[in-house]
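Observations on the model geometry
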Amino acid sequence: MTYQIHTYTDAVKTAWAVADLIAQLANKAAKDNRFFHLAVSGGSTPKLLFQILADNFEKDIPWEKVKLYWVDERCVPPTHAESNYRMTFDALLYKGFLPEENIMRMKGENKPEDEALRYEQVLVAQLPQADAYPQFDLILLGMGDDGHTASIFPHQMQLLDTEQSVAVGTHPQSGQKRITLTGKTIHKAQQVAFLITGDTKASILKEIVLQEQTAEKYPAAHISSADGQVHFYLDKAAASLL
Ligand code: 6PG
């Protein structure tokens, strides 16, 4: 696995670079007459990316050929302040660029175990399969201050290797249940890109990118992809120790 580091002056330029990557990959898929299957993370970092897509990429992306999925979702209703879907809707989906049938919402309001099974079936129905796992074109990941990614937290490293393609995770502090893609699904993606900004993650990022022994405990250190490269889109603050 090799790490491709892409560093930009600030969070806006970093988000623009990821928006351009999405546009490039989506247009290539459309040219090849296939859907672009994109899974996005929640939290706060991607909000800027979604706003940039909403404000500038209506015409630059063939949205009718984009199918949108989530990497993870909090087990709350879609109207809840902590819902990743709600954050994405408020920043991008409200624009209506994507046909409803192209939006594969993880239903946080469902019983977690049932929703993990349901979403597994959605992925089987929608995505090409690689060794019996759904294969996304691009998975966008974030990283928490504890080195978690998706909703795979340090106390649940088994979610990196479980046979399931979608599982139920638990937030270590709040106990909040989460629906999450598993390591096996993430590793099958054609491309995996982290979008990480801000200085709070610089230290963990250094451990991961420099592949230090101490990074073993971070789920984000165990991410790979089908193309053998993991991309890190970073602002200067996040990359300050590299
Ligand atoms: C979530 C995310 C999660 C996120 C990290 C980083 O549901 O919270 O999917 O994995 O990417 O927690 O979050 P921030 O972008 O808010 O730092």
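Further up the page is the structure itself.
The present account deals with the structure reproduced in this document. (Residues numbered from 1 in each chain as written. Predicted model: local features only at pLDDT ≥ 70, side-chain atom pairs only at ≥ 80, totals over all residues. Heavy atoms only, no water.)

Quick look at the site of the ligand now. Contacts to the ligand come from 15 residues, most closely from Ser-44, Thr-45, Asp-72, Ala-150 and Lys-201. With respect to the ligand, the side chain of Thr-45 contributes an N or O atom lying 2.6 Å from an oxygen atom. In the environment of the ligand, an oxygen atom lies 2.8 Å from a nitrogen or oxygen atom belonging to the side chain of Arg-74. Its free accessible area being 410 Å², the ligand has 88% of it covered by the protein chains. Looking at side-chain class alone, the shell around the ligand contains two nonpolar, nine polar and four charged residues. (Near = heavy atom within 4 Å. Polar contact = N/O pair within 3.5 Å; in protein donor to acceptor, adjacent residues only side chain to side chain. Areas by Shrake-Rupley, 256 points an atom, 1.4 Å probe, with all protein chains shown as cover. Nonpolar A, V, L, I, M, F, W, Y, C, P; charged D, E, K, R; others polar.)

Looking at where Arg-178 falls in the secondary structure, it is placed in strand E10 (residues 177-181). Here Arg-178 sits buried without a salt bridge, and the closest side chain of opposite charge, Asp-72, lies 4.1 Å off (N-O distance). When neighbours within four sequence positions are excluded, Arg-178 is seen to be in contact with Asp-72, Glu-73, Arg-74, Cys-75, Ser-151, Phe-153, Ala-167, Val-168, Gly-169 and His-171. (Helix = DSSP H or I, 4+ residues; strand = E, 2+ residues; numbered from the N terminus. Buried < 20%, exposed > 50% of the residue type's maximum accessible area, 1.4 Å probe, protein only. Lys, Arg positive; Asp, Glu negative; His and termini not counted. Salt bridge = Lys/Arg side-chain N within 4 Å of Asp/Glu carboxyl O. Contact = heavy atoms within 4.5 Å.)

Judged by side-chain polarity, Ile-5, Leu-210 and Leu-242 come together as a nonpolar surface patch covering roughly 250 Å² of accessible area. Within the secondary structure, Leu-242 sits in the segment after strand E12 (229-235). Leu-242 gets classed as partly exposed once you look at its relative accessible area, which sits at 42%. (Patch = residues over 30% accessible without salt bridge, like charges linked within 9 Å, V, L, I, M, F, W, Y side chains within 5 Å.)

This paragraph deals with helix H4 (residues 112-126). Its 15 residues place the ends of H4 21 Å apart at the C-alpha level, agreeing with the 21 Å of an ideal helix rising 1.5 Å per residue. On the buried face of H4, the contacting elements are strand E3 (66-70), strand E5 (103-104), strand E6 (129-130), strand E7 (133-134), strand E9 (166-170) and E10. (Expected span 1.5 Å × (residues − 1).)

Right, let's get into empty space enclosed by the protein. Left-over empty space is what a probe sized like a water molecule reveals as it rolls over the atoms. If you walk through the whole model with that rule in mind, you get two cavities of 30 Å³ or more. Taken as a whole, the largest cavity holds about 60 Å³ of empty space. Those elements that place two or more of their residues in the lining of the largest cavity are helix H2 (45-56) and strand E8 (138-141). If one sorts the elements of the lining of the largest cavity by residue count, H2 sits on top with four residues. Its residues assigned to classes, the lining of the largest cavity comprises seven nonpolar, three polar and no charged. Here the second largest cavity defines a volume of roughly 50 Å³. In this structure, the second largest cavity is lined by Ile-22, Leu-38, Val-40, Phe-50, Leu-53, Trp-63, Val-66, Leu-68, Leu-92 and Leu-98. Going through the elements one at a time, strand E2 (36-40), H2 and E3 are the ones with two or more residues in the lining of the second largest cavity. Grouping the amino acids of the lining of the second largest cavity by side-chain chemistry returns 10 nonpolar, no polar and no charged. (1 Å grid on protein atoms, 1.4 Å probe; cavity = no way out; pocket = protein on both sides within 12 Å on 5 of 7 lines; lining within 4 Å. Points joined across faces, edges and corners; volume = space filled by probe spheres on them.)

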